[in-house]
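# Notes for the structure review
Chain residues, written in single-letter form:
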2 protein chains.
Amino acid sequence: MARRAATGARATIVDVARAAGVSRQTVSNALNNPEKLAPGTLERVQREIDRLGFTLNVTAQQLRRRQASAYGFEVNSSGAARMGHVLDEFLVELTAAAPVHDSHLVVFAPEPDDVIGAYRHMLGTGLVDGFILADTRPGDPRPRWLLEHGVPFVAFGRIWDSPELTQWVDVDGRAGVRQAVSHLVDAGYRQIAFLGWPSGSAVGDDRREGWLEGLRAAGLTDTAIVEESVQDLDEATSAADRILDGLSTGGAVVCASDLLALGVMRSARNHGLEPGPDLGVVGFDDTDVAEALQLTSVRQPLQRAAESAWTLLKAVTEEPPGPVLLTPTLTTRSTTTPARLTNGPRTDHTQMEGTP
Amino acid sequence: MARRAATGARATIVDVARAAGVSRQTVSNALNNPEKLAPGTLERVQREIDRLGFTLNVTAQQLRRRQASAYGFEVNSSGAARMGHVLDEFLVELTAAAPVHDSHLVVFAPEPDDVIGAYRHMLGTGLVDGFILADTRPGDPRPRWLLEHGVPFVAFGRIWDSPELTQWVDVDGRAGVRQAVSHLVDAGYRQIAFLGWPSGSAVGDDRREGWLEGLRAAGLTDTAIVEESVQDLDEATSAADRILDGLSTGGAVVCASDLLALGVMRSARNHGLEPGPDLGVVGFDDTDVAEALQLTSVRQPLQRAAESAWTLLKAVTEEPPGPVLLTPTLTTRSTTTPARLTNGPRTDHTQMEGTP
DNA sequence: CTGAAAGCGCTTACAG
DNA sequence: CTGAAAGCGCTTACAG
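All of these numbers come straight from a predicted model, not from anything done at the bench. (Residues numbered from 1 in each chain as written. Chains lettered and ligands numbered in written order. Predicted model: local features only at pLDDT ≥ 70, side-chain atom pairs only at ≥ 80, totals over all residues.)

### Some words on the overall build of chain A
Regarding its fold elements, chain A presents 14 helices and 13 strands. In chain A, buried positions account for 46% of the 356 residues. At a minimum sequence separation of 6, the contacts of chain A that also span at least 24 residues come to 67%. (Helix = DSSP H or I, 4+ residues; strand = E, 2+ residues; numbered from the N terminus. Buried ≥ 20, exposed ≤ 12 C-beta atoms within 10 Å, placed from the backbone. Contact = placed C-beta atoms within 7 Å.)

### Here's the deal with the protein's contact with DNA strand D
Taken together, the neighbourhood of DNA strand D is formed by 25 residues, with A:Ile13, A:Ser28, A:Asn57, A:Ala60 and B:Thr41 sitting nearest. At the level of elements, helix H3 (24-32) and helix H5 (58-65) of chain A together with helix H3 (24-32) and helix H5 (58-65) of chain B are the ones that each hand at least two residues to the surface near DNA strand D. In terms of residue class, the surface near DNA strand D is built from nine nonpolar, 10 polar and six charged. (Near = placed C-beta within 6 Å. Nonpolar A, V, L, I, M, F, W, Y, C, P; charged D, E, K, R; others polar.)

### A closer look at the domain arrangement of chain A
By the assigned domains, chain A splits into domain 1 (2-56), domain 2 (70-171 + 302-326) and domain 3 (173-299 + 329-352). When each unit is reduced to the centre of its C-alpha atoms, the spacing between domain 2 of chain A and domain 3 of chain A is 31 Å. (Domains from an automatic or database assignment.)

### A look at H3(A)
Since the α-helix packs 3.6 residues into each turn, any two residues three or four apart lie on the same face. Residue and element names in this part refer to chain A. Where H3 is concerned, the buried positions are Thr 26, Val 27 and Ala 30. Down the axis, H3 shows its buried residues gathered within 100° of arc, on one side only. The outward face of H3, more than 90 degrees from its buried face, is lined by the exposed residues Gln 25 and Asn 32. (Arc of directions from axis to C-beta.)

### Thoughts on the relation of the copies chain A and chain B
Structural alignment of chain A on chain B gives an RMSD of 0.1 Å, achieved by rotating through 180° and translating 0.0 Å along the axis. Taken together, the rotation and translation relating the two chain copies correspond to the operation of a two-fold axis. Minimal C-alpha separation from the rotation axis in chain A is found for A:Val106, amounting to 2.3 Å. Both copies share a contact surface, since 100% of the interface residues of chain A are interface residues in chain B too. (Least-squares fit on C-alpha atoms with pLDDT ≥ 70 in both.)

### A closer look at the protein's contact with DNA strand C
Close contacts around DNA strand C come from 25 residues, with A:Arg64, B:Ile13, B:Ser28, B:Asn57 and B:Ala60 the closest. For the surface near DNA strand C, the elements supplying multiple residues, two or more each, are H3 and H5 of chain A together with H3 and H5 of chain B. Residue composition of the surface near DNA strand C, by class: nine nonpolar, 10 polar and six charged.

### Re the interface of chain A and chain B
Facing the 48 residues of chain A at the interface are 48 residues of chain B. Counting only elements with at least two residues in the side of chain A that touches chain B, the list comes to helix H1 (2-8), H5, helix H6 (86-97), strand S2 (104-108), helix H7 (115-124), helix H12 (258-270) and helix H13 (288-292) of chain A. Of the residues assigned to the side of chain A that touches chain B, the class counts are 27 nonpolar, 18 polar and three charged. Bridge count for S2(A) against strand S2 (residues 104-108) of chain B is three bridges, and the pairing is antiparallel. Within the sheet, the bridge partner assigned to A:Leu105 lies in S2(B) and is B:Val107. (Pairing = 2+ DSSP bridges.)

### Some points on the environment of A:Glu89
Mapped onto the elements of the fold, A:Glu89 is located in helix H6. The class of A:Glu89 is buried, set by 22 C-beta atoms lying within 10 Å.

### Some points on the confidence of the model for chain A
Residues and elements named next belong to chain A. Scored by pLDDT, chain A has a mean of 88; 90% of the residues are at 70 or more. A low-confidence stretch, residues 1-8 stays under pLDDT 50, and its non-local contacts, those more than four residues away or across chains, total nine contacts. Taken together, the stretch residues 342-356 has pLDDT below 50 and engages in 27 contacts with residues farther than four places along the chain or on a different chain. (pLDDT = per-residue confidence, 0-100.)

### Topic: the pairing of strand S6 (residues 191-196) of chain A
Residue and element names in this part refer to chain A. Among the six residues of S6, six are classified as buried, and the element is accordingly described as predominantly covered. Of the two faces of S6, the one carrying Gln 191, Ala 193 and Leu 195 and the one carrying Ile 192, Phe 194 and Gly 196 are both buried. Where S6 and strand S8 (residues 251-255) come together, five bridges link them in parallel fashion. Residue pairing in the sheet places Phe 194 in a bridge with Val 254 of S8.

### Some details on helix H14 (residues 302-315) of chain A
Residue and element names in this part refer to chain A. For H14, spanning 14 residues, the distance from its first C-alpha to its last is 20 Å, which sits close to the expected 20 Å at 1.5 Å a residue. Where H14 is concerned, the buried positions are Leu 302, Ala 305, Ala 306, Glu 307, Ser 308, Ala 309, Trp 310, Leu 312 and Leu 313. Tucked into the core, H14 has its buried residues touching strand S1 (70-74), H6, strand S3 (130-134), strand S4 (153-156), strand S5 (168-171) and strand S11 (324-326). (Expected span 1.5 Å × (residues − 1).)

### Observations regarding unusual backbone geometry
Residues and elements named next belong to chain A. You will see that Arg 66, though not glycine, has its phi angle at about 50°, which is positive. As for its placement among the helices and strands, Arg 66 is situated in the loop between H5 and S1. When the 13 C-beta atoms within 10 Å are taken as the criterion, Arg 66 is described as partly exposed.

### Quick notes on the sheet that holds strand S11 (residues 324-326) of chain B
Spatially, S11(A)-S5(A)-S4(A)-S3(A)-S1(A)-S2(A)-S2(B)-S1(B)-S3(B)-S4(B)-S5(B)-S11(B) is the arrangement adopted by the 12 strands of the open sheet, whose pairing is mixed. Two strands lie at the open edges of the sheet, namely S11 of chain A together with S11 of chain B, each paired on one side alone. Across the sheet, the axes of successive neighbouring strands diverge by a mean angle of 25°, strand direction being ignored. As paired elements, S5(A) and S11(A) share three bridges and run parallel to each other. Pairing of A:Val169 across the sheet is with A:Val324, part of S11(A). (Axes fitted to C-alpha atoms, helices over the stretch in contact; angles between N-to-C directions.)

### A word on the nonpolar core
Of all hydrophobic cores here, the largest spans 90 residues; its most connected members are A:Ile132, A:Ala309, B:Ile132 and B:Ala309. B:Ala309 has contacts with B:Leu94, B:Ile132, B:Val154, B:Phe156 and B:Val169, leaving out every residue within four places of it along the chain. A:Val177, A:Val264, B:Ala239 and B:Val254 belong to the second-largest nonpolar core, a separate cluster that totals 84 residues. (Core = buried A, V, L, I, M, F, W, Y, C linked by C-beta atoms within 7 Å.)

### Some points on the packing of helix H9 (residues 173-186) of chain A against helix H10 (residues 202-218) of chain A
Residues and elements named next belong to chain A. Close contact between H9 and H10 brings their axes to 7 Å; oriented N to C, the two are set at 35°. Regarding H9 and H10, the two cross each other, and that crossing is right-handed. Contacts from Gly 173, Arg 174, Ala 175, Gly 176, Val 177, Arg 178, Val 181, Ser 182 and Val 185 in H9 reach Val 203, Asp 206, Arg 207, Glu 209, Gly 210, Trp 211, Glu 213, Gly 214, Leu 215 and Ala 218 in H10. (Left-handed = near helix turned anticlockwise from the far one by under 90°.)

### Details of the pairing of strand S12 (residues 329-332) of chain A
Residue and element names in this part refer to chain A. Because side chains alternate across S12, one face comprises the buried residues Leu 330 and Thr 332, and the other comprises Thr 329 and Thr 331, none of which is buried. Here strand S10 (residues 296-299) pairs with S12 via three bridges, running antiparallel. By the bridge assignment, Arg 299 is partnered in S12 with Thr 329.

### Focus: the packing of H6(A) against H14(A)
Residue and element names in this part refer to chain A. Close contact between H6 and H14 brings their axes to 8 Å; oriented N to C, the two are set at 55°. On the basis of the axis angle, H6 is oblique to H14. Our pair here, H6 against H14, has a crossing hand that is right-handed. Contacts between H6 and H14 involve Val 86, Glu 89, Phe 90, Glu 93, Leu 94 and Ala 97 from the first element and Leu 302, Gln 303, Ala 305, Ala 306, Glu 307, Ala 309 and Trp 310 from the second. (Parallel < 35°, antiparallel > 145°, perpendicular 65-115°, else oblique.)

### Examining the environment of A:Arg142
Residues and elements named next belong to chain A. As for its placement among the helices and strands, Arg 142 is situated in helix H8 (residues 142-148). The exposure class assigned to Arg 142 is buried, which follows from the 21 C-beta atoms found within 10 Å. With residues up to four places along the chain from it excluded, the contact list for Arg 142 reads Val 115, Ile 116, Tyr 119 and Leu 133.

Laid out in structure tokens, this is it:
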């Protein structure tokens, strides 16, 4: 059948060698060490490669080199409570950037009760040389295990438990929130509250810190209101109700996530306030929900994060690669229309590059 | 360094053979054709495999068998206009189900101007045996090319251009919408409109057809209102405004997507109507937005779709595998609270299995 | 600068 | 039921 024909017809390095009248090693050199060949020979081999439509059999290369040039990436059913698909987008960017680094990505989905086993197995098959970790969290057993077994890896997200490990890339949430505060101040909002997660979550605490820094920079700390809520719409709405009780007209709320911001928008409507003119609202992650509801939100630079991850991964065997901390951008939409008290220009749908 | 130690220390089939006092072929047979071995031998080999923590080097196996037991899956930056991440979830389900089918998934991201080239290249490396296609659309060049080159593949989504190709799995959107209509009727809504995409899109037309069928089944066709909008919130809101002009209180709108439904909710609020009691609203795809806004929505059974895709893919070399059409479920939330006119029970957050 | 040899870790016939 | 041989398509030293 057609399938066999297509597969069997594939040219090998020997076919190219025969066609070009050289030995197979010369073809291999043309591919891997072109500078070792005489220009004429190289060109002759190149021509035959093109003519025959030859592609290196990566499988054979992997076996011989004892190296897969491939990395594993764990995927999961997105946690129910976690709105947004930041990691899905990160995966796409990682995949798009892989060829630049002569690599590819193999995805795998561990059983929840034996995550480490899945990493061990992937490694055992020889299909991957290492891993790109995402969603690292305090207590995460993966970095330690990988380190102990000498497995190359890089993390998207700080390696919380081991400050000495610097092979990570992360987004500076604090800077992102600071930026949001500064944007609100520029838009004329004068009392800026924060709705965050219960303290103890490193990411959440970092974002709250950014809010405080922003207030300090603007000299607005005297009116600081802060509330917290878990990542749940009803809880967030209640917390927002409490904030609105203490907030004067023309105030704003910066939130640790788009879902929390959605709670604020809902609460605002219940209070007869229009998000934007009456109450500034900023979310975090610039999810689909933010876009659909015209919510201003902090956006993580996922393409740059993916690029950095690959770069760090390749450097990992050499010397301790430094951490990379990227500054997010702010996508401004109608929920931060200049406050009704002022008369500034309305800035919709614009993307502001972050300048912390 | 540690890395080399970890890699070099890996046991091979020869190590196991030596430890068990058999030849390497016997170990291979223990792994691939255990029924060919004497029970005692098998057990002895098994014990050594466990003791040494041996894992087959899949790379060597791939080379020898000339088969990767891996399939390619194309990922893309999710189209800007397309809310929801159905395909991301599909990828996760596909990945989770892969081991059951002794396979794994390699992701790749083609350059938009040479999609076929990316497929050809993936195949040329020997890293994959075939592909799982998603997001098939009329005019899609991929199925034809793959078929011509005898490459095994299966599609998530009908192969619109080639009705003779049956190696696809899809979700019966028509049945899903029919179900939504039936649910609305049960909840007491008596005038049920449809907000869809401009006709010509096969998926959209199918969903509209489901609405019509639902109306007919309920004997409500005399009051049918239908409007259309592209996948854009402002457009959708305008289209919803037009619908609301003609809809009496206690009416409902079934939509071709969650984004369109969001437009209806927005328009409803502008008209002083509360989605749910005053106006039933149903979306499609059960995205994050639907969950966040308590929008009733049709949900695609992505886990079953992934399972079916693998099954079809494995059958593809045997005989023409039939198409698989799955029935979606309806996730009911507060936007289909029983209409205010009636006094039925309120059904929130329940998942109804589809019975077309 | 080019070529002959060895070998990566498996599986697939094929003898015993 | 078990074992010796050949080979998948490459790359890596190592001679010429």
